[in-house]
Amino acid sequence: MVDELGVAVVGFGWMGRVHTQAYARLPHHYPDLPLRPRLVTVAEEVPGRAEEAAERFGFASATRDWREVAADPRVRAVSVTAPNFLHREIGVVMAEAGKHLWIEKPVGLTAADARAVADAVAAAGVQGTVGFNYRNAPAVEAARDLIAAGEIGTVTHVRIRLFSDYAAHPDSALTWRYERARGGSGVLGDLASHGADLARFLLGDIASLTADTAIFVPERARPAGATAGHALASGGAPGPVENEDYVSCLLRFASGARGVLEACRVSVGEQNNYGFEVHGTRGAVFWDFRRMNELGVSRGTTYQDQPVSTVYVGPGAGEFAAFQPGAANAMGYDDLKVIEACRFVRSVAEGIPYGTTLADAVRSAAVLDAMTKSAERGTWVTLEACCRG
């Protein structure tokens, strides 16, 4: 008989729903997991939202106070999908209460926030997983293996892009995402955090960087009430956007490779245009999130005019076999969170970390802090040794 793992979700916007559905799908894709999640409680401060989530998804109870989750003996593991400014407080309290933690990136507003949660998790002896979902794509894992095997030679340079239009509308509501105190570093924490993680995942440690940032939509309308997602708020009193719409960054890796990381939340005409291009001395590998199950691969010995082949990843890549029986059968975004949930639950069951950890969150956050510092000073910034390795 499979043991149950009592889980809770704190914060029930879109990402809270994604976590909840990932827990529910685990038995379908990973029937051999030694633990099966049971939805115990959901916490959300917006009136009525927790109760609605409980009724729709089958949580045993609902609350508006996340502190009740920390005190609930039925709960052994917690998903933290609340706004960024709450990550540190909730994460530390949950860890100190002995709860295993699946927390969304960027884990607070700064590297100090992420480190505080990481330290609390380590001190409590619980497991901690972080929501860097794009590294879970089987094609991304295949690309990493290909690079590590030397299939494209020595890596020379990489370009990582994360362009979206979710904040492009001038009537987008002035939510917490656009405030420095609650949303942190804007598009850096939202999108560039994924880019920093992908850079490290694929190429190893970042030694130094220089960055430039900009705000292109300086004012937005204040919402009249509670919002979810990226709602519009035309007609509300205007307020200033305090954090970044755009970042571009030059990277120097410890390996000697060079990189470009660019992210923007106001790119009209771009819908989740996320991906990378890694070039080496004998070839290259390309990935586009919108064609998530494909890789463009160039390898050989012709160098000049060397062709690029499209490779459809299949059951031999990452966790693909848990979802589809053969190559070119598509996987989607939510499947990446199911993989993340599986690795989290397996970590809890075996007491060994699988997938992304709080240490990865600290290192990504250190890169974001360095970007912010570089943009303010107009200089190259060296990452501290403690934030690498």
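Small disclaimer: the values here were computed from a predicted structure and weren't measured.

1. Overview of the pairing of strand β1 (residues 3–10)
Burial runs high along β1: six of the eight residues are buried. Pairing of β1 with strand β2 (residues 35–43) involves eight bridges; the strand directions are parallel. Considered in β2, the bridge of Val-9 is made with Val-42. With four bridges joining them, β1 and strand β4 (residues 77–80) adopt parallel strand pairing. Bridge pairing in β4 links Val-10 to Val-80.

2. Regarding the pattern of salt bridges
Under the defined criterion, the tally for this structure stands at 26 salt bridges. For Glu-179, the salt bridge goes to Arg-182, with nearest N and O atoms at 2.8 Å. It is possible to trace a salt-bridge network through shared partners that takes in Arg-135, Asp-197, Arg-200, Asp-205 and Asp-360.

3. Here we look at the packing of aromatic side chains
A complete count under the given rule lists 14 aromatic pairs for this structure. Measuring from centroid to centroid gives 5.4 Å for Tyr-23 and Trp-102, while their planes differ by 90°, and the two rings are edge-to-face. With Tyr-23 in helix α1 (residues 14–29) and Trp-102 in strand β5 (residues 100–103), this residue pair connects regions lying 79 residues apart in the sequence. Both residues of the pair, Tyr-23 and Trp-102, count as buried. Centroid distance Trp-287 to Phe-289: 6.3 Å. Interplanar angle 65°. Geometry classified as edge-to-face.

4. Focus: the pairing of β5
Along β5, one buried face is formed by His-100 and Trp-102 and the opposite face, lined by Leu-101 and Ile-103, is buried too. In the sheet, β4 pairs with β5 via four bridges, with the strands oriented parallel. Bridge pairing in β5 links Ser-79 to Trp-102. Crossover handedness for the path β4 to helix α4 (residues 87–96) to β5: right-handed. Of the pairings in the sheet, the one linking β5 to strand β6 (residues 128–130) comprises three bridges and is parallel in character. If you follow Trp-102 over to β6, its bridge partner there is Thr-129.

5. Notes on the packing of α4 against helix α5 (residues 111–124)
The description of two helices packed together rests on the angle between their axes and the distance between the axes. In contact at an axis separation of 8 Å, α4 and α5 are set at 5° when each is read in the N-to-C sense. One finds that α4 runs roughly parallel with respect to α5. Residue-level contacts link His-87, Arg-88, Gly-91, Val-92 and Ala-95 of α4 to Ala-112, Asp-113, Ala-116, Val-117, Ala-120, Val-121 and Ala-124 of α5. A per-class count over the contact of α4 with α5 returns eight nonpolar, two polar and two charged.

6. Regarding helix α6 (residues 138–148)
What α6 keeps buried is the set Pro-138, Ala-139, Val-140, Glu-141, Ala-143, Leu-146 and Ile-147. Contacts from the buried residues of α6 go to β7 (155–163), α8 (187–203), β13 (273–280), β14 (283–288), β15 (294–299) and α9 (333–350).

7. Quick look at the nonpolar core
Core analysis: the largest hydrophobic core is formed by 94 residues, its most contacted members being Tyr-30, Leu-202, Val-278, Val-285, Trp-287 and Met-371. Among residues more than four places away in sequence, those in contact with Tyr-30 are Glu-319, Ala-322, Phe-323, Val-338, Ile-339 and Cys-342. Core analysis: the next-biggest nonpolar cluster, separate from the first, contains 34 residues, Ala-114, Val-121, Val-126 and Val-130 among them.

8. Points about a nonpolar patch on the surface
On the surface, Leu-250, Val-260 and Trp-380 cluster together to form a nonpolar patch covering roughly 250 Å² of accessible area. Here Leu-250 shows up in strand β11 (residues 246–253). The class for Leu-250 is partly exposed, based on a relative accessible area of 42%.

9. Some thoughts on the environment of Arg-343
Within the element layout of this structure, Arg-343 appears in helix α9. Given the relative accessible area of 14%, Arg-343 is considered buried. As a C-alpha pair, Arg-343 and Thr-129 span 214 residues in sequence and 8.1 Å in three-dimensional space. Among residues more than four places away in sequence, those in contact with Arg-343 are Asn-136, Glu-141, Glu-319, Tyr-354 and Gly-355. Within polar-contact distance, the side chain of Arg-343 engages the side chain of Glu-141 at 3.2 Å.

The rules behind the values
Residues numbered from 1 in each chain as written. Predicted model: local features only at pLDDT ≥ 70, side-chain atom pairs only at ≥ 80, totals over all residues. Heavy atoms only, no water. Buried < 20%, exposed > 50% of the residue type's maximum accessible area, 1.4 Å probe, protein only. Helix = DSSP H or I, 4+ residues; strand = E, 2+ residues; numbered from the N terminus. Pairing = 2+ DSSP bridges. Salt bridge = Lys/Arg side-chain N within 4 Å of Asp/Glu carboxyl O. Phe/Tyr/Trp six-rings, centres within 6.5 Å; stacked < 30°, edge-to-face > 60°. Right-handed = clockwise from strand over helix to strand, strands pointing away. Axes fitted to C-alpha atoms, helices over the stretch in contact; angles between N-to-C directions. Parallel < 35°, antiparallel > 145°, perpendicular 65-115°, else oblique. Contact = heavy atoms within 4.5 Å. Nonpolar A, V, L, I, M, F, W, Y, C, P; charged D, E, K, R; others polar. Core = buried A, V, L, I, M, F, W, Y, C linked by side-chain atoms within 4.5 Å. Patch = residues over 30% accessible without salt bridge, like charges linked within 9 Å, V, L, I, M, F, W, Y side chains within 5 Å. Areas by Shrake-Rupley, 256 points an atom, 1.4 Å probe, with all protein chains shown as cover. Polar contact = N/O pair within 3.5 Å; in protein donor to acceptor, adjacent residues only side chain to side chain.

Nothing here speaks to function; it is all geometry.
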